[in-house]
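# Secondary and tertiary structure notes
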Amino acid sequence: AEGEKKEPAEPAEKKVKKVTKVTKEREGHGTGWQFNSADAEGLKFGLWNALHTYKHYKDSWKKMMKRCMTTDFSWELSARKYEQIFEWAKMDPPSQNPW
């Protein structure tokens, strides 16, 4: 309609990255979809890909559900990973004093 503000077209490079992530999901990797923007468009992208996979790639959807059910998403695991990062940081201090 006249006078409507149009959003700029998404760069082709960004679209390719998204398609690559979705393709990897169908190949048996991952537990969902990653999107770059935490807004309505990002949510729409994630939902569209989930529904598209559910409708057109039933076998991939079932495999992903099983991976999700066997993956540890707990805070306990996340905390252990952060602790490991801090341990590594202490073992390899910066070569120069930042202050």
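Residues numbered from 1 in each chain as written. Predicted model: local features only at pLDDT ≥ 70, side-chain atom pairs only at ≥ 80, totals over all residues. Heavy atoms only, no water.

### A few points about the pattern of salt bridges
Any two side chains of opposite charge can pair, on the condition that their charged atoms come close. For the record, the criterion: The salt bridge definition used is simple: a Lys or Arg side-chain nitrogen within 4 Å of an Asp or Glu carboxyl oxygen. Strands are runs of DSSP state E lasting at least 2 residues, helices are runs of H or I lasting at least 4, and numbering of each runs from the N terminus. The rule is simple: take the accessible area with a 1.4 Å probe, protein chains only, and divide by the maximum for that residue type; under 20% is buried, over 50% is exposed, in between is partly exposed.
Evaluated as defined, the whole model comprises four salt bridges. For Lys44, the salt bridge identified is with Glu41, shortest N-O distance 3.3 Å. With a gap of three residues between them, Lys44 and Glu41 both fall in helix H2 (residues 40-56), about one helical turn apart. A relative accessible area of 49% means that Glu41 is categorised as partly exposed.

### Some points on helix H3 (residues 58-70)
What counts here: The span expected for a helix works out to 1.5 Å for each residue beyond the first. Starting at the helix axis, one direction is taken to each C-beta atom, and the arc is that of these directions.
With 13 residues, H3 ought to run about 18 Å at 1.5 Å a step, and its terminal C-alpha atoms sit 19 Å apart, in line with that. If you check which residues of H3 are buried, you get Ser60, Trp61 and Met64. Axial view of H3: buried residues confined to an arc of 100 degrees, hence all on one face. Of the exposed residues in H3, those oriented more than 90 degrees away from the buried face are Lys62, Lys66, Met69 and Thr70.

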